[in-house]
Amino acid sequence: MPARSKSNRLTPLFILLALCLYALAGCSRQPAPAPTTPTPAAAETPQRIVSLAPSLTEMLYAIGAGDQLVGRTSACDWPAEAEKVPVVGSFGRPSLEVLASMTPDLVLDVDLADEQAAKKMAEMHLRREHIRCQDPEELPQALRKLGALTGHARQADSLASVIEQGLANYRTEAAAKTRKPSMYLEIWNDPLWTGGNKSFVSRLIGYAGGRNIGDAVEKEYFEVSPEWVIRENPEIIACMYMANETPAADNLKKRPGWQGISAVRNNRVYDKFDNRLYLRPGPRILEGIAGMKKLIESHEK
């Protein structure tokens, strides 16, 4: 079994990892809760929107609805203009008092840490819409829904069509490959975490023509042992985090027993990624796939 047994003690780093993954993902795999019944004013195109997920914030700006955004979470850090928008709370944990003070006519979310917040929003007569976009194939639909809600249907449909065609092209190219190099994505280094076959980043690897060694596990993200990585012997390793001093790739290469791993032996260990492109479902997905594809093609040369 690749996954290590859970410790009885949650370390601060473990908690930090969970929060980082939660914030970067920005989209939920849970069934969408029923939206609250809209008030009469909600029938009009919303002009005061609050986004409770970084992925949705990126989409709003991508379809031209950024000017309608009056509130965001602290995790909403792209594009740069978004950082000028007032913060309503952390991802999945909005402050209801701050939210009410913004007088939004539409609140967008992908997941709430506390479903009681949804009930309270309904009591406050706030219009709330849940947008599902965990899987790459769901992004075009999410964009079109946002376009319809915000009055930017044409821009949203245009971007959705570009993404649909891009995904189709990458899917065709990947299917035509006779051999797919194995990849290990190290999401965190203490303890070691990687993505399973239900993770967004695993789908990106598949579109790019690679094979995620974590696909053997039916999870999004999970802890692994160093011995498991050594046994899997990945051909490419990507460190999806930033080290404090020494580069992450350099630290990884020095681990006991890892010098025999194909990726280490052939100097195919990479770091310094913009995780927003690889761990966050959003309108820049084709850019994320292109980055993964570049790693794989450099291995094949």
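All figures in this text were calculated on a predicted structure; none of them were measured in a lab.

Trainee: Which residues make up the packing of helix 5 (residues 139-150) against helix 6 (residues 153-176), and what values do they have?
Mentor: Contact pair helix 5 / helix 6: the axes reach a minimum separation of 8 Å and the direction vectors enclose 175°. One finds that helix 5 runs roughly antiparallel with respect to helix 6. Between helix 5, through Pro140, Leu143, Arg144, Gly147 and Ala148, and helix 6, the contact on the second element is made entirely by Ala153, Ala156, Asp157, Leu159, Ala160, Ser161, Ile163 and Glu164. Class assignment for the residues of the contact of helix 5 with helix 6 results in eight nonpolar, two polar and three charged.

Trainee: Could you give an account of the sheet that holds strand 12 (residues 236-239), with specific residues and numbers?
Mentor: Across the sheet, which stays open at both edges, the four strands sit in the order 10-7-12-13 with parallel pairing between neighbours. Of all the strands in the sheet, just strand 10 (211-212) and strand 13 (269-270) have a single pairing partner and so form its edges. Summarising the sheet, strand 7 (residues 182-186) and strand 10 pair through two bridges and their orientation is parallel. The partner of Met183 across the bridge, within strand 10, is Asn212.

Trainee: Break down the sheet that holds strand 11 (residues 221-223) for me, citing the residues and quoting the values.
Mentor: Pairing is antiparallel across the open sheet formed by three strands, whose spatial order is 8-9-11. The sheet terminates laterally at strand 8 (188-189) and strand 11, the two strands that pair on one side only. In this structure, strand 8 lies alongside strand 9 (residues 192-195), joined through two bridges in antiparallel fashion. Of the residues in strand 9, the one forming a bridge with Asn189 is Leu192.

Parameters at a glance
Residues numbered from 1 in each chain as written. Predicted model: local features only at pLDDT ≥ 70, side-chain atom pairs only at ≥ 80, totals over all residues. Heavy atoms only, no water. Axes fitted to C-alpha atoms, helices over the stretch in contact; angles between N-to-C directions. Helix = DSSP H or I, 4+ residues; strand = E, 2+ residues; numbered from the N terminus. Parallel < 35°, antiparallel > 145°, perpendicular 65-115°, else oblique. Contact = heavy atoms within 4.5 Å. Nonpolar A, V, L, I, M, F, W, Y, C, P; charged D, E, K, R; others polar. Pairing = 2+ DSSP bridges.

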